[in-house]
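# Commentary on secondary and tertiary structure
Spelled out, the chains give:
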Amino acid sequence: MTPSLLYPLRSNTGIMASSRPTFASLLLLLLLLLLLTSAQGSSLNTTAWHPECETPKAPRRVSSSASSFVPSADFVSTLQSTLEEIKKVMSLVSTFSGVLGGDLRLSSAVDDCLDLLDLSSDELTWTLSASQRTTASASASGAGNRRSDLRSWMSAALGNQDTCKEGLDGTGGLVETLVAGGLDMVTSLVSDGLREIAAGGGTGGKGGSRRLMGFPEWVSAADRRLLQAQPTTVADAVVAQDGSGNYTTVEAAVAAAPTEGARRYVIHVKKGVYKENVEVKKKKWNLMLVGDGMGQTVISGTRSYVDGWTTYRSATFAVAGKGFIARDLTIENTAGPQKHQAVALRSDSDLSVFYRCEFSGYQDTLYAHSLRQFFRECRVTGTVDFVFGNAAAVFQNCQLFPRRPLPEQKNSVTAQGRKDPNQNTGFSFQFCNVSADADLVGFTNSTPTYLGRPWKEYSRTVFMQSYLGSLIRPEGWLEWNAEFALDTLYYAEYMNYGPGSGLGNRVKWPGYHALSDPAMAANFTVAQFIDGNMWLPSTGVKYTAGLTV
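As annotated in an unreviewed UniProt entry, the protein chain carries the name Pectinesterase and comes from Musa acuminata subsp. malaccensis. What the UniProt record of the protein chain gives under Function (unreviewed entry) is the line "Acts in the modification of cell walls via demethylesterification of cell wall pectin." A UniProt comment under Pathway (unreviewed entry) is attached to the protein chain, and it reads "Glycan metabolism; pectin degradation; 2-dehydro-3-deoxy-D-gluconate from pectin: step 1/5."

Attention shifts here to the overall build of the protein chain. Broken down by element type, the protein chain carries 10 helices and 26 strands. In the protein chain, which comprises 549 residues, the share counted as buried stands at 60%. Sequence separation of 24 or more characterises 75% of the internal contacts of the protein chain that already satisfy a separation of 6 or more. Accessible surface computed for the protein chain: about 20700 Å², of which carbon and sulfur atoms make up 52%.

On to the packing of aromatic side chains, then. Taken as a whole and assessed by the stated rule, the structure comprises 22 aromatic pairs. Ring centres of Tyr312 and Tyr367 lie 6.2 Å apart, and the angle between their planes is 85°; this geometry places the pair in the edge-to-face category. Taken together, the residues span a long stretch of sequence, with Tyr312 in the loop between strand 7 (297-301) and strand 8 (317-319) and Tyr367 in strand 12 (residues 366-368) at a distance of 55 residues. Directly above the ring of Tyr362 sits Arg403, whose terminal nitrogen or CZ lies 4.2 Å from the centroid. Across the ring face of Phe443, the terminal group of Arg404 is positioned such that the distance to the ring centre comes to 3.5 Å.

Okay, the pattern of salt bridges next. Applying the stated criterion across every chain, the model contains 26 salt bridges. A salt bridge links Lys419 to Asp162; the nearest nitrogen and oxygen atoms lie 3.2 Å apart. Taken together, the residues span a long stretch of sequence, with Lys419 in the loop between strand 18 (411-416) and strand 19 (426-430) and Asp162 in helix 5 (residues 146-168) at a distance of 257 residues. Notably, a salt bridge pairs Asp437 with Arg403, separated by 3.7 Å at the nearest N-O pair. Pair noted here: Asp437 is in the loop between strand 20 (433-434) and strand 21 (449-452) and Arg403 is in the loop between strand 17 (399-402) and strand 18, with a separation of 34 residues, a long-range link. In terms of burial, Asp437 and Arg403 fall into one category: buried. Salt bridges sharing partners connect three or more residues here, namely Asp149, Asp350, Arg372 and Asp531.

This paragraph deals with the state of the cysteines. The tally for this structure, following the rule as stated, stands at 1 disulfide. Residue pairing for Cys113: its cysteine sulfur links by disulfide to Cys164, the two sulfurs lying 2.0 Å apart. Where Cys113 bonds to Cys164 through sulfur, the torsion about that S-S bond is close to 95°, and the disulfide is right-handed. Residue Cys113 is located in helix 4 (residues 104-132), and its partner Cys164 is located in helix 5; the two are separated by 51 residues in the primary sequence. For the pair Cys113 and Cys164, a shared accessibility class is recorded, and that class is buried. Among the cysteines around Cys378, which has no disulfide bond, Cys398 carries the closest sulfur, lying 4.7 Å off. Judged by relative accessible area, Cys378 falls into the buried class, the value being 1%. No disulfide involves Cys432; its nearest neighbouring cysteine sulfur is the one of Cys398, lying 4.8 Å away.

Bringing the nonpolar core into the picture now. Ile267, Phe317, Phe359, Phe375 and Leu400 are the most contacted members of the largest nonpolar core, which totals 56 residues. When sequence neighbours within four positions are dropped, the list of residues in contact with Phe317 reads Val278, Val280, Leu289, Ile299, Phe324, Ile331, Ala344, Leu345 and Arg346. Of all hydrophobic cores here, the second largest spans 48 residues; its members include Val89, Trp153, Leu158 and Ala320.

Turning our eyes to something else, we now look at the sheet that holds strand 5 (residues 278-280). If you trace the 7 strands from one edge of the open sheet to the other, you get 5-8-10-12-15-18-21, paired in parallel fashion. The sheet is open, and its two borders are formed by strand 5 and strand 21, each paired with just one other strand. Averaged over all pairs of adjacent strands, the angle between strand axes in this sheet comes to 10°, irrespective of strand direction. In this structure, strand 18 lies alongside strand 21, joined through 3 bridges in parallel fashion. Bridge pairing links Asn411 to Thr449 in strand 21.

All right, on to unusual backbone geometry then. One non-glycine residue, Asn286, lies in the positive phi region at around 60°. Accessibility expressed as a relative area gives 17% for Asn286, which makes it buried. Within the chain, Asp385 stands out as a residue other than glycine whose phi angle is a positive 50°. Counting through the fold element by element, Asp385 comes out in strand 15 (residues 384-389). On the basis of relative accessibility, which here comes to 0%, the residue Asp385 falls in the buried class.

Rules of the game
Residue indices follow the written sequence of each chain, beginning from 1 at its first position. Note on the predicted model: pLDDT of at least 70 is required for a residue's local features to be given, and 80 or more for side-chain atom pairs to be given and counted; whole-chain, interface and lining totals, by contrast, use all residues. Excluded from the side-chain calculations are hydrogens and water; all other atoms, namely the structure's heavy atoms, are used. UniProt positions are given in the numbering used here, feature names are shortened, and annotations may be inferred rather than shown by experiment. Numbered from the N terminus, helices here are DSSP runs of H or I no shorter than four residues, and strands are runs of E no shorter than two. Here's how the labels work: a residue is buried when its accessible area is under 20% of the maximum for its type, exposed when over 50%, partly exposed in between, all with a 1.4 Å probe on protein chains only. Residue contacts are defined here by distance: any two heavy atoms, one from each residue, within 4.5 Å place the two residues in contact. What sets the accessible areas is the Shrake-Rupley method with a 1.4 Å probe; for residues, cover comes only from the shown protein chains. Classification of ring pairs rests on two measures: the distance between centres of Phe, Tyr or Trp rings, Trp counted by its six-membered ring, which must be within 6.5 Å, and the angle between planes, read as stacked under 30 degrees, edge-to-face over 60 and tilted in between. Consider the ring centre and the ring normal. A charge sits over the ring if Lys NZ or Arg CZ is within 6 Å of that centre and within 35 degrees of that normal. For this document, the term salt bridge refers to a Lys or Arg side-chain nitrogen within 4 Å of an Asp or Glu carboxyl oxygen. For this text, the term disulfide refers to a pair of cysteine sulfurs within 2.5 Å. The nonpolar core is taken to be a set of buried Ala, Val, Leu, Ile, Met, Phe, Trp, Tyr and Cys residues, with the residues joined through side-chain atoms within 4.5 Å. At least two bridges found by DSSP between two strands is the condition for calling them paired. Here the axes come from fitting lines to C-alpha atoms, over the contacting stretch only for helices, and the angles between their N-to-C directions go from 0 to 180 degrees.

Spelled out as structure tokens, the structure:
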């Protein structure tokens, strides 16, 4: 069996794709020709710009102090040009919205692109606003460390176009061909800006070993209290299937929540199985979803790639609004292993927290797509790449339980998607437990399981101070495709324990590191990797800032 069948790629190539032209595709081709002939002087002309011909500007030397970091005038100009380019691409993509008939995958991919470009526009607008301030005061949109905020938003904006293109892969190529030049232009401009931010030096936050019983500092004192409180005493809205609350569905309660809310808005979801797909839109800020416990409050969906959805759109629960918090609930995708990509949670929420939550699925269970995220005391089950994406995410005191996959498939806990060395993204697992789920017990010898494999060239994942069960193969990590990314990835282990933690037979890749220096490992702690001391305390979630409890 070929690797593409065992592991359908994030680009979704090779499954259920057809090259046979359809009536719809012919109409799209006609539209393509009309648009191309009517375009006058547009920078979207795919023959007018070649990134390989560009000579990147040398990054400006700036202060290493993150709090006093001030981008150059060229940086601000680049942002403005990028925002204009995004508008052009969105205008082009929007011509396909709602006119694609019964082609679910293509219509989903078009909707994905519009949403993702919209997110890029927001993230670059936040960056532009913060860059033009003359003081280092905290941004209303960020954690308060200007350079770290800028780098986080630019890192997210860089990856969105790739996700758009991945959704379009295998849809016939017409829409993808039309918008490819514009997407590449946006990516190149963002990459130039991100390079300057990364060259500014410094890291986002101080290290340390102090344990803060309240969550990282971007979590306010008020949010800390909410995370510990009984939901019935703090809820702004109640969801109950029996009609005893304000709403009977989670989606209705989310839709009714305030737009761009400055204060925390709490939705209590009472016990029950809610069979629905929920989306927290980008303007739903500071929402908090509180359930009655894992396995008690369950949000359940069945969307999958095989059934026609893009991976991005398959999520049972998707959140883009910044400052989101979830507590004491289960989010699941029950499509099953035979349906391949089927996401339970997808998060694009900056400064978001998931506390005592369960994410259940098979392939691609948890899509930590972008921005800064913190998971504490959560349970994640799945098979192929079941924690994936390109967020800057820390998982602390979490349980990672590989399940039994399809015959001949191999389990990979992670597939991290960092595509540029200047992105501040990656996955860090601390004080976690990687063990076989109940249905895999007894089959671990015949089901190879690995800590991760490199989805993109600069994939970055670290396991530290965690229990690794006997199901983990001695080599620890798995190739994606032959030699791809083995020199450029960053995979590391530090002070893990358990029968699967032995380092003697680990992979010998240039990008793999068996860490012994605590100063190196500290780079991937809550305080340093996601600026946790600046935003988590306000949420009330427990966390450990550094390496020790």
